Amino acid sequence: MLDETAPMTEEIFTPTQGYNEEDKHAVFNREFMPHINSMYNFAFRLTMDEDDANDLVQDTYLKAFRFINSFERGTNAKAWLFRILKNSFINDYRKRSKEPSKIDYQEVEATYNSEESAEVEHTSDLRVESVQDMIGDEVANALNSLPVDFRTVIVLCDIEGFTYEEMAKILDIPIGTVRSRLHRARNLLKDKLRDYASTMGYNTQV
Amino acid sequence: MDISTSPRILHDTDSKVSMKTHCENQQECMKMIQAILDGEATAAQKDHFKENMDRCMPCINTYHLEKCVKDALQVKVPKKICPDALLVQIKDLINR
């Protein structure tokens with residue numbers, strides 16, 4: 001489903017600066033390049049494929065350089081780059097993806113239909129001890145199994161540490177939707193972790 | 001997480017007096033707890049949390065589980081590192 005249509009290029013890439021060539025490279029190296037590992041990790045969590053993550057990160061950095069006059073030095077470069085990457089993922093990558101059906105659209109639709117509605121009572125019997133016993137790959141597998149919109153908000157918040165306001169700008173959604181989507185995503189993640197704990201024989205009884 | 005908003009350690013006498021075993025607002029409380037752990041809670045939510053989190057066992061359990069899952073995501077999930085070849089390629093492309 002992901003998601004809303006990404007904003008028109010003009011909205012993000014309105015030129016406000018007038019850097020010379022030397023300034024452009026200085027801004028790029030000092031403000032954009034330090035975030036490349038976070039960008040790559042985000043791209044991988046979106047695409048779940050290393051080659052696609054490579055392409056997405058490269059496209060994003062080239063786009064950032066091409067439109068560098070739209071970025072004001074000293075402002076939030078990481079959020080600006082993440083927004084470009086997310087939009088590139090929606091507008092470019094998803095359209096030419098070899099495997100668009102990787103996403104379970106029915107599942108996404110079902111979860112979205114309940115996103116803004118009354119909460120379904122969620123009674124997780126997942127135990128703290130079970131989560132503490134899990135290794136990183138087990139938690140990562142649960143995260144990776146979530147529909148991409150839910151995976152995205154968890155990565156942005158819990159792994160990258162963005163604020164709700166930053167996430168709203170990156171995703172082009174209201175803050176209230178960030179909150180509710182995050183809440184729903186975490187409930188889904190706990191369900192996955194609980195199922196995994198149960199499968200692996202961890203004690204899930206309270 | 002500000003330590004001042006952590007649920008305080010309970011004393012036996014406290015728990016015998018008023019500990020709730022059922023939370024009638026569990027989903028709303030969970031949202032509040034998540035906002036606190038995310039550093040996004042309002043002052044009113046923080047006050048509510050401090051006043052009530054030593055009285056409601058389901059909320060205490062929720063706090064510890066939410067914190068544990070968030071910590072696991074932050075600390076345990078492997079972070080993919082950008083390959084050196086991609087780094088070189090990007091620098092090469094913008095220097096052309």
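Residues numbered from 1 in each chain as written. Chains lettered and ligands numbered in written order. Predicted model: local features only at pLDDT ≥ 70, side-chain atom pairs only at ≥ 80, totals over all residues.

Participant: An account of the interface of chain A and chain B is requested, with residue identities and associated values reported.
Facilitator: At the junction of the two partners, chain A supplies 37 residues and chain B supplies 26 residues. Secondary structure elements with two or more residues in the side of chain A that touches chain B: helix 3 (36-47), helix 4 (50-66), helix 7 (128-133), helix 8 (136-144), helix 9 (148-159) and helix 11 (175-199) of chain A. Partitioning the side of chain A that touches chain B into residue classes produces 22 nonpolar, nine polar and six charged. (Contact = placed C-beta atoms within 7 Å. Helix = DSSP H or I, 4+ residues; strand = E, 2+ residues; numbered from the N terminus. Nonpolar A, V, L, I, M, F, W, Y, C, P; charged D, E, K, R; others polar.)

Participant: Can you lay out the domain arrangement of chain A for me, pointing to particular residues and giving the numbers?
Facilitator: When the parts of a complex come together, some accessible area is lost, and that lost area is often taken as the interface size. All names here are of chain A. For chain A, the domain assignment lists domain 1 (9-100) and domain 2 (103-199). The partner domain 2 presents 11 residues to the 10 residues of domain 1 that form the contact. Among the elements of the structure, helix 3 and helix 5 (77-96) are those that each provide at least two residues to the side of domain 1 that touches domain 2. Among the residues making up the side of domain 1 that touches domain 2, the classes are represented as five nonpolar, two polar and three charged. (Domains from an automatic or database assignment.)

Participant: Can you lay out the packing of helix 9 of chain A against helix 11 of chain A for me, pointing to particular residues and giving the numbers?
Facilitator: All names here are of chain A. For the pair helix 9 and helix 11, interaxial distance at closest approach is 9 Å and the crossing angle is 100 degrees. One element, helix 9, and the other, helix 11, form an angle in the roughly perpendicular class. Packed against helix 9, whose contacting residues are D149, F150, V153, I154 and C157, the element helix 11 presents V178, R181, L182, R184, A185, L188 and L189 at the interface. Looking at the contact of helix 9 with helix 11 residue by residue, the class counts come to nine nonpolar, no polar and three charged. (Axes fitted to C-alpha atoms, helices over the stretch in contact; angles between N-to-C directions. Parallel < 35°, antiparallel > 145°, perpendicular 65-115°, else oblique.)

Participant: Describe the packing of helix 2 (residues 26-37) of chain B against helix 3 (residues 43-52) of chain B, and please don't skip the residues or the numbers.
Facilitator: All names here are of chain B. Two elements in contact, helix 2 and helix 3, have axes separated by 10 Å at closest approach and are oriented at 110 degrees. The orientation of helix 2 relative to helix 3 falls into the category roughly perpendicular. Residue-level inspection shows M32, A35 and I36 of helix 2 in contact with helix 3, the latter providing Q45, K46, H48 and F49.

Participant: Give me the confidence of the model for chain A: which residues, what numbers.
Facilitator: Averaged over all residues, the pLDDT of chain A is 84; the fraction at 70 or higher stands at 78%. In this model, residues 100-106 of chain A is a region of pLDDT below 50 whose contacts with residues beyond four sequence positions or in other chains number six contacts. (pLDDT = per-residue confidence, 0-100.)

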